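A closer look at the structure
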Amino acid sequence: DREGVLYVVTPEERIAWHAGRGKLPFEPYYENMFNHHSIGIELLGIGTAEELAVLGVNQETYDQIPKELLGFADAQYPTLTWLLDQLYGRYNIPKDRYHVVAHSEYAPTRRPDPGVLFDWTRIGLPMKPEDKKQTQ
């Protein structure tokens, strides 16, 4: 949540069916099969008006959202960093943007999250997969 509390909804060894239909923009593409090859992490955050329009939120409704609820809370980043560090170690996952993927990269036409307001550098990763420079 926005206070940094972590909730486990689906055990890691189960398929969470969080990704749905999509395709990675790089190999392995995992077209419509990402659920079988990933662990889903959801964050509570509100993106830009353009991102929420993909979900059917109109500008008038978006303008009513308190500005302090936009984006992600500071408390979320240390919790996410801790969780990712646990997963990197447990599953020997490389710490890069080819192994930590956004819904918006897998299914950009229907899943805008986490969106441009999420600061990947705060969890030690570059903003985009093609950015080779690591931040840590």
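Please refer to the structure higher up on the page.
Summary of the structure given here. (Residues numbered from 1 in each chain as written. Predicted model: local features only at pLDDT ≥ 70, side-chain atom pairs only at ≥ 80, totals over all residues. Heavy atoms only, no water.)

**What to know about the side chain of Arg-2**
Structurally, Arg-2 can be placed in the segment before α1 (49-53). It is Glu-3 that comes nearest to the buried, bridge-free Arg-2 among opposite-charge side chains, at 6.2 Å. At 3.3 Å, the side chain of Arg-2 and the backbone oxygen of Glu-68 are in polar contact. At 3.0 Å, the side chain of Arg-2 and the backbone oxygen of Gly-71 are in polar contact. If we skip the residues at most four places from it in the chain, Arg-2 touches Leu-44, Gly-45, Glu-68, Leu-69, Leu-70, Gly-71, Phe-72, Ala-73, Ala-75 and Gln-76. (Helix = DSSP H or I, 4+ residues; strand = E, 2+ residues; numbered from the N terminus. Buried < 20%, exposed > 50% of the residue type's maximum accessible area, 1.4 Å probe, protein only. Lys, Arg positive; Asp, Glu negative; His and termini not counted. Salt bridge = Lys/Arg side-chain N within 4 Å of Asp/Glu carboxyl O. Polar contact = N/O pair within 3.5 Å; in protein donor to acceptor, adjacent residues only side chain to side chain. Contact = heavy atoms within 4.5 Å.)

**Some remarks on helix α3 (residues 76-91)**
End to end, α3 covers 22 Å across 16 residues, agreeing with the expected 22 Å (1.5 Å per residue, within 8%). Inspection of α3 places Gln-76, Tyr-77, Thr-79, Leu-80, Leu-83, Leu-84, Leu-87 and Tyr-88 among the buried residues, and these make up the whole buried set. One or two steps after α3, the chain reaches Asn-92, where phi turns positive at roughly 55°. (Expected span 1.5 Å × (residues − 1).)

**A closer look at the side chain of His-18**
With respect to the secondary-structure elements, His-18 resides in the segment before α1. Residue His-18 is classed as buried on the basis of its relative accessible area of 15%. Look past the residues within four positions of His-18 in its chain and what remains in contact with it is Asn-35, Ser-38, Ile-39, Gly-40, Glu-42, His-103 and Arg-111.

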